[in-house]
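# A closer look at the structure
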Amino acid sequence: MEPSSTSKVAVTYWDPAALYPLIAPDLRSRFPLRNLHWKSPTRPLRSISSLHVDLLPYSPPPTNLSSPAPFNSSTELTRVKSSDSTRTDDTNNIHRSASRSRGPRKERRHQIPGLRNTPYLKVYILRCDDNDSYKNTQRKLLREWITTHATTEKADNHDAFEWLILHVVLPGTPAAQQPRSSSSASNSGGGSRWMKGGSMTLLDKIRSDFNGSTAKVDRVAQIRIPPTHPDLQTLSPPVAPTAAAMTPESPLESETSWLDLVAKLKSRILASFDARVTQYEEDVRERDSQRRLPGWNFCTFFVLKEGLARAFESVGLVEDALVLYDELGFGLEAIVREQEKGEVMGASFIAWTKEGLHWVEEARKCLIARKSGELEPLNEVEEENPIASDKKPYRELILSNEISVFDFRCYLFARQATLLLRLGRRNGEPSAQEAAIPISGEQDGDDLLRLSEVCRRGIEFVTTVARVLRSDLITHKATSGGGETEEGISPKELHAIIDNLVASWSYAVCTQLLEQTRSSALPEGLDENSDKGLLPRRSSSLAHQSLSFAQAVKGSVTGLEDIAAARADLIVLARTVLESVGKRRGWVGREGWYSFDDGEMEEVSLDGDESMVGKKKNDVFWIPEGIRYKGLKDTVGSDEGSYYYAQFSELSEKAMKHYGVAKRYKNAERVESDLAALKFHLKEYEAAANHLRRMTNFYEEQGWGLIETTLLGMYAKCLKEQKPEEYVSVLLKLLAKSAAVENDRIRRLAGRVSADAVSVTPPTLSPLGKSTITHVNVRGYVAEVLALSKEIFMEITTPMLNLWSDISVDPYPRHLPDRDGFEVGVRMRYLLSDPLPIDKVVVKITATSSPQSREVLLESTAGVEMRKGVVKTSVSTHQTIPGSYVVEQLTVYAGKLKFVHDFVVADIPLGLGTNSVQAIAAAKKTKLSFFPAPRGLTGRLEMPKDIYLEKMRTVEIVVSVGQNNISSGELRIRSATAGLRLITGSLEVVRGSELVSINSDAPGTLGLKNTTAGDDIRLRLPYNSDNELTELMVRLEVDYTTDAGKFVFIDTLSVLVALPLAVNVQDIFKDDTLYSKFQVSTAPAEVPLRVFTSTLKGSKSFHTEGGKGTTGSMTVFAKQPANFIYKIKRKKDVSGQPESLALLIEYTNMDEELRHTVADLFEAELKEAGFEKYIHWLLPGLFARFRHRSPTELETAALLEEFENGTYEDYGWEDALEAIDPRSGEREKVEVWLKEFFSNHAHISLNQQNILTAITRSIVIPVEVPSLQVIHTVSLNLHCDSSSRVLTTPYAPPMITAGIALPAELVIRHSRNWDTSPEGPSTEPMEFFYEVQNNPDVWLVSGRKRAHFVAVDGEVQRFPLVLVPAKSGYLCLPNVEIKPGDGAEGVTLETEYKANANVVLVLPDVRSTTVRIDSAFGAEQVAGMA
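Bear in mind the structure is a predicted one, so any value in this text is a computation, not a measurement.

Moving on, we come to the overall build of the protein. Helix and strand counts for the protein come out as 30 helices and 57 strands. Burial analysis of the protein (1426 residues in total) assigns 48% to the buried set. Put simply, 75% of the contacts in the protein that link residues at least 6 apart link residues at least 24 apart. Total accessible area on the protein stands at roughly 70,500 Å², and carbon and sulfur atoms take up 51% of it.

Let us now look at the packing of helix α1 (residues 20–29) against helix α5 (residues 251–289). At a minimum axis separation of 11 Å, α1 and α5 run at an interaxial angle of 75°. When the interaxial angle is binned, α1 and α5 end up roughly perpendicular. Mapping the contact onto sequence places Ile23, Asp26 and Leu27 in α1 and Trp258, Leu261 and Leu265 in α5. Split into classes, the residues belonging to the contact of α1 with α5 amount to 5 nonpolar, no polar and 1 charged.

Turning our eyes to something else, we now look at the sheet that holds strand β39 (residues 1111–1116). Within a sheet, each strand pairs with its neighbour through backbone hydrogen bonds, oriented either parallel or antiparallel. Within the open sheet, the 5 strands sit side by side as β25-β44-β41-β37-β39. Their pairing is mixed. What marks the edges here is a single partner per strand, and that holds for β25 (946–948) and β39. Between one strand axis and the next, the sheet turns through 25° on average, direction left out of account. Across 8 bridges, the pairing between strand β37 (residues 1089–1097) and strand β41 (residues 1141–1149) is antiparallel. Bridge pairing in β41 places Leu1096 opposite Leu1143. Contacting β37, β41 and β44 (1257–1263), helix α24 (residues 1150–1168) crosses the sheet at an angle of about 40° to β41.

With 148 residues, the main nonpolar core has Phe349 and Trp505 as its most contacted residues. Contacts of Trp505, omitting those with residues within four sequence positions, involve Trp359, Pro386, Ile387, Phe406, Cys410, Phe461, Val462, Val465, Ala466 and Leu469. Formed by 66 residues, the second largest nonpolar core is a distinct cluster that contains Leu692, Leu786, Leu801 and Val809.

Turning our eyes to something else, we now look at a nonpolar patch on the surface. A surface patch of nonpolar side chains, about 270 Å² in accessible area, is lined by Ile1068, Tyr1075 and Ile1125. Assignment of secondary structure puts Tyr1075 in strand β36 (residues 1073–1082). According to the relative accessible area criterion, Tyr1075 is partly exposed, its value standing at 34%.

Glancing now at a negative patch on the surface. Together, Glu1209, Asp1210, Glu1214 and Asp1215 make up a region of like negative charge exposed at the surface. Secondary-structure elements contributing two or more residues to the negative patch are α27 (1208–1211) and α28 (1214–1217). Inspection of the secondary structure assignment puts Glu1209 in helix α27. The exposure class of Glu1209 is exposed, given its relative accessible area of 57%.

Another point: the sheet that holds strand β3 (residues 46–57). Across the sheet, which stays open at both edges, the 6 strands sit in the order β2-β3-β1-β6-β7-β8 with mixed pairing between neighbours. For this open sheet the edge positions go to β2 (33–38) and β8 (220–224), each flanked by a neighbour on one side alone. The average undirected angle you get between the axes of adjacent strands in this sheet is 35°. As judged from the 4 bridges shared by strand β1 (residues 8–14) and strand β6 (residues 121–127), these two strands associate in the parallel manner.

Tracing the backbone through its elements, the reader meets Ser960 in strand β26 (residues 954–960). The buried category is assigned to Ser960, whose relative accessible area is 14%. One polar contact links Ser960 to Asp1016, side chain to side chain, over a distance of 3.0 Å. Every residue in contact with Ser960, bar those within four places of it in the chain, is listed here: Gly936, Leu937, Thr938, Arg940, Asp1015 and Asp1016.

Right, let's talk about the environment of Leu1161 for a bit. Within the fold, Leu1161 resides in helix α24. Judged by relative accessible area, which is 23%, Leu1161 ranks as partly exposed. Each C-alpha atom, one on Leu1161 and one on His1241, is 9.3 Å from the other, the two residues being 80 residues apart in sequence. Ignoring sequence-local partners within four residues, the contact set of Leu1161 consists of Phe1237, His1241 and Ile1244.

A few words on the packing of helix α20 (residues 724–750) against helix α21 (residues 781–789). Between α20 and α21, the least distance of the axes is 10 Å, while the angle of their chain directions is 155°. Taken as axis vectors, α20 and α21 run roughly antiparallel relative to one another. For the pair α20 and α21, the crossing hand works out as left-handed. Packed against α20, whose contacting residues are Tyr727, Val728, Leu731, Leu732, Leu734 and Leu735, the element α21 presents Tyr781, Val782, Glu784, Val785 and Leu788 at the interface. Tallied by class, the residues present in the contact of α20 with α21 amount to 10 nonpolar, no polar and 1 charged.

Turning to the pattern of salt bridges, a few remarks are in order. Considering all chains together, one arrives at 70 salt bridges under this definition. Across the pair Glu1331 and Arg1346 runs a salt bridge whose closest N-O atoms are separated by 3.4 Å. Within this pair, whereas Glu1331 is found in strand β48 (residues 1326–1333), its partner Arg1346 is found in strand β50 (residues 1346–1351), the two being separated by 15 residues in sequence. Several salt bridges share partner residues, and in doing so they unite Glu306, Arg310, Glu313, Arg395 and Arg415 into one network.

Relative to the helices and strands, Ser876 resides in strand β19 (residues 869–877). Discounting residues that sit within four places of it in the chain, Ser876 has contacts with Phe822, Glu823, Leu858, Glu859 and Thr861.

This part takes up the confidence of the model for the protein. Mean pLDDT for the protein: 78, with 78% of residues reaching 70 or above. Every residue in residues 59–111 is under pLDDT 50, and counting partners more than four places away or in other chains gives 78 contacts.

Turning to the packing of aromatic side chains, a few remarks are in order. If you walk through the whole model with that rule in mind, you get 41 aromatic pairs. The interplanar angle of 55° and the centroid separation of 6.1 Å between the aromatic rings of Trp38 and Phe312 together place this pair among those described as tilted. Taken together, the positions of Trp38 in strand β2 and Phe312 in helix α6 (residues 298–314) put the pair 274 residues apart, joining distant regions of the chain. Owing to a relative accessible area of 2%, Trp38 belongs among the buried residues under this scheme. Ring centres of Phe1078 and Tyr1126 lie 5.9 Å apart, and the angle between their planes is 65°; on these two criteria the pair is classed as edge-to-face. On the criterion of sequence distance, the pair formed by Phe1078 in strand β36 and Tyr1126 in strand β40 (residues 1122–1130) is long-range, its members being 48 residues apart. For the pair Phe1078 and Tyr1126, a shared accessibility class is recorded, and that class is buried. By the ring-pair criterion, three or more aromatic residues cluster together here, those being Trp296, Phe298, Phe301, Phe302, Tyr394, Phe408 and Tyr411.

Between Phe31 and the following residue, Pro32, the backbone shows a cis peptide bond with an omega angle of 0°. Along the chain, the position of Pro32 falls in the loop between α1 and β2. Positive phi is not limited to glycine here, since Asn1010 has a value of about 50°. For Asn1010, the location among the structural elements is in the loop between β31 (1005–1009) and β32 (1016–1025).

What follows covers the pairing of β40. In this sheet, β40 lies alongside β36 in antiparallel orientation, the contact comprising 8 bridges. From the neighbouring strand, Lys1077 faces β40, where its bridge partner is Ile1125. With 5 bridges connecting them, strand β38 (residues 1102–1106) and β40 associate as antiparallel partners. By the bridge assignment, Phe1102 is partnered in β40 with Arg1130.

What counts and how
Residues numbered from 1 in each chain as written. Predicted model: local features only at pLDDT ≥ 70, side-chain atom pairs only at ≥ 80, totals over all residues. Heavy atoms only, no water. Helix = DSSP H or I, 4+ residues; strand = E, 2+ residues; numbered from the N terminus. Buried < 20%, exposed > 50% of the residue type's maximum accessible area, 1.4 Å probe, protein only. Contact = heavy atoms within 4.5 Å. Areas by Shrake-Rupley, 256 points an atom, 1.4 Å probe, with all protein chains shown as cover. Axes fitted to C-alpha atoms, helices over the stretch in contact; angles between N-to-C directions. Parallel < 35°, antiparallel > 145°, perpendicular 65-115°, else oblique. Nonpolar A, V, L, I, M, F, W, Y, C, P; charged D, E, K, R; others polar. Pairing = 2+ DSSP bridges. Core = buried A, V, L, I, M, F, W, Y, C linked by side-chain atoms within 4.5 Å. Patch = residues over 30% accessible without salt bridge, like charges linked within 9 Å, V, L, I, M, F, W, Y side chains within 5 Å. Salt bridge = Lys/Arg side-chain N within 4 Å of Asp/Glu carboxyl O. Lys, Arg positive; Asp, Glu negative; His and termini not counted. Charge placed at Lys NZ, Arg CZ, Asp CG, Glu CD. Polar contact = N/O pair within 3.5 Å; in protein donor to acceptor, adjacent residues only side chain to side chain. Left-handed = near helix turned anticlockwise from the far one by under 90°. pLDDT = per-residue confidence, 0-100. Phe/Tyr/Trp six-rings, centres within 6.5 Å; stacked < 30°, edge-to-face > 60°.

What follows is the structure, given as structure tokens:
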């Protein structure tokens, strides 16, 4: 918004010797200065990425070098005056004014420091070729330059600057032969550069003379020109010809010198900048503290503080400058508010804008000329940007207190926007030199957040300052009292001119901001360049776009949504201005596009008097005067309005696209609704329909019923002749609006919403909560919809709540009296006046417990005619699928119209408007419970009576046909357990084989034929599984046909298949006998068992003999198993593979006994009470409760032979009773009976013979006799003397003396009697070895403790041993272990150690005592025995 917005500081240089062209290329290549860091005591560290330097020459041409006159009659740098802020051709030139008649004079400083523009650094470019020249001439010139130009006043730092001496060394001069400093002379190579001891280089002398002895700042830099420089010959005096032959400076040394110069430039510029900022801050604080004192002026304070802001801006600290401008903006707002209150303090603004008066006067003259038929004397069109800080001499107006609030706000916003745009463009506008260099993607680095901030501030600025402009113009009109300004025009015309001026200015500002915030980061096509500024050229029709405001954004760009949203809001503001002009023009309805209808606009004769002041259309007054902006003037200039409508459409499309990128879809849809209304008004029905298709849904969701209904009417008119399918949908929506009005009326009459009513369509409400629709005329629409629907190929689905309310389904199904199946009642309220014939009603219910979400459809048997009011009908099904269901959907079919009502979604809302009690009650109303009737077909799954573990496991399926006479049918069996495989090919019919035919082509499928009432079919089905199953589930499906029709029964049957017992066996081998101990215990469920018999059946190879206790009833508990021991002998002369034995156990499960005992009693008394129809519903609930009996309860029942049945409350019958209809009193009766049953049968006796007989099962367990190749019978015989048994009884252990050697004999008998291998026992000798295992603390063994031996079948071997007891007491004999030797690896063997339990009594020998005495004096030991 300004000619230049880059960071630039002025640096003035004196060049008496014309050396600047020699260093200019290298110096400019190092500009702008980069990476400057400024630290102020009151501010955090600031980093300046780049700083442009404006080098300005100061000295006259180098012809006057012979005298020091330049410093006495120098030319000064002209300061920029406040009046020069207007852009002219001379603003970029440096003006010089020479005072030839006077000596040096001090520049007259402006009274306001903020208006000055002075250099930050003064540089003297010095040519000094040798020490003599420096001593005689140049040192004096430097001192005079410093005295005249480089000395400042200590107390004033508003124009603080620094100075620098740049010594340029030419090749071939004595100075070029010197090193840079005396310290480096000794290190320099070459004789020409050798310095004598004690002498100083020319650079050191300059530093010593001008830096001072105590100076910490080096103000002297040196640059050496290479001998190959092309401009050396242009110097005066020229360089010696021998310069080219000299050794040049190395590149490293040259670069070091330039870096030193750049560093000094940075430090000196920052030093002067810091001094200026400090001075300005002190002045601002001082002026701010005087705010309440008389004479304080805001305008002067503004200019002073703006000087600080511009100082920040000049060095690139744009954000700090923006903060200061924001503070000034707040201060301006406070001053304006004080003026409005009449508290004038610190400022005095003029009441109106002079430029605005000029606008009004031009418009008045144009109007008078047009009325009189003359040519327009003035050109009222403006094409410039209305907002720019250099558009007027704003700062001079501020300083002179001759600025209006409007101009003040415009200038302040222009400065703020300039800084924001500079931040948004990252590096600001390129300079003239940089602009010539092509930069690819120069805007790819735009800060979109900053650009969006410009748009947001621009919106606030336009809306606020437009009111200020209007107030200025109206204030002048009121104070002028109808003088010259109003001469020749009426007050109404004057108001119209003011409206046009405000609209034109607002539209022009919006256009300018949109142009200046363009960015290549926005998606392609979103913001196209156009000759008409704001309005892009249309590239496609909306009729071919599915979402005109949607944009595909590639990648993630920071701030993209923000800039798109801000620009969209700015476009909408421009569109609002355009719409307001259109209302005055008569092209837009008084209340927007929706207030248009075909009869609103009246025809006006075009042959009438053209000198009329204005044209009236429906009392609309319009004159074109005051529209100054060319873009707006062209838009509203035509009489037809076609270009206006095109421009309005373009703005709307552009706003929608921007909103789409910003993901503000609701805003985009609001804009699109206006565009749709415009297209409808222009009779572009196809394009309007594309927009209205989305808009109707949008306003329906927002609750704006009136707008939605209006759009639906427009949409229907657009579609009537084009798309019958969509036309029908729109008509249905209009019918829904009429039904909503009727429903709202009914509820208002009722006064409240009934607690029993099911959720209905909510009334269409506005955001204020009041209905916006009072009547919708839809008479005849029902018949039209039905007629059109017959011509449509596809079904049209519509929510039922659009036309019905109070929809409910009876939660209590009724059994059909003469056939299987169910019937359910349906109730609804029809809200339209026109009748609607219905073909059928379908209710879909879903199982609550089925993992597959099983669905059942119930249909009506005949059509229904819907008339206004409550309609009742019923639906039924021939499917019997027991379980609990939830009513999911109700569907009504009328031709190809399908009305759907979802109960689960629509009728059970848990939102803010409902409480949990109401939600639970609503949920229960949609819950149905289906169970078979007593007369219906049923199925159950049972465990078989006889279980054979050596065979495949089986289950038995029992199908009871009930009271049905089935002529034909099909029975299918499916697995319902994961990992379960049913062996349907081995299916066996146990009972009812004449009623069933097995289909071999379809395993698991059986045919039914000619069954009569009361028939049962029992099937045995083998199965296996991948893992151990506890419960098995099978899906039974039966399709059957009776005289009443076709029926279906589907149920998932389950049974516990885990065996309730566990059997463990322990074998003890003898030489010719095997003893097997069988332990029968409970399974992990710890359910007690009744074991009646246990029998081990022999085979042709073995003879078995049981002991006592294997017959008779016994109870097995978890911690008290039953043990049965059997003796097994091998039969002689039996060859071949031996057969296995079979263990037969007859048992009952205590849990099963409890369930059957209670179930038989429960079922008998339920039938006796007359509630037989609820058997299939209540009995499964009773069984489910028994599954949760704890092991402690079962053990108690097994011990006491009775159990506590519990109370009515323990069983939780509430859910089961919910399925019984309470309206007939049945629920209450069943509840009373249940309470009486549990009260009368609190304790139930067990061990009933009929129950035990029915549930007793037998299990046959195969028992394999283990094959043993070798058995050794080992005995350890002690050869005790006769005296050792004198004191013992025949059954007492032998007594021996401790420490006395005892001879013994180890006897080993080798046998192969239990080798049952098919080839028989081997006759070859086998090698083994034995080992006597003894504890040395108990027994000492002498002899062959470990020895190898070879034996054949029946051989006995003996080994002598000597045992010495090591201690007294009852001692067990040492153990003997036998293992295979070489050649007998892998041989199975057992050892029967007969002495394993033999014990000997070892006594100490008390007949003698040994005493040992040790001498206390070290004498020898004395031992004795007595």
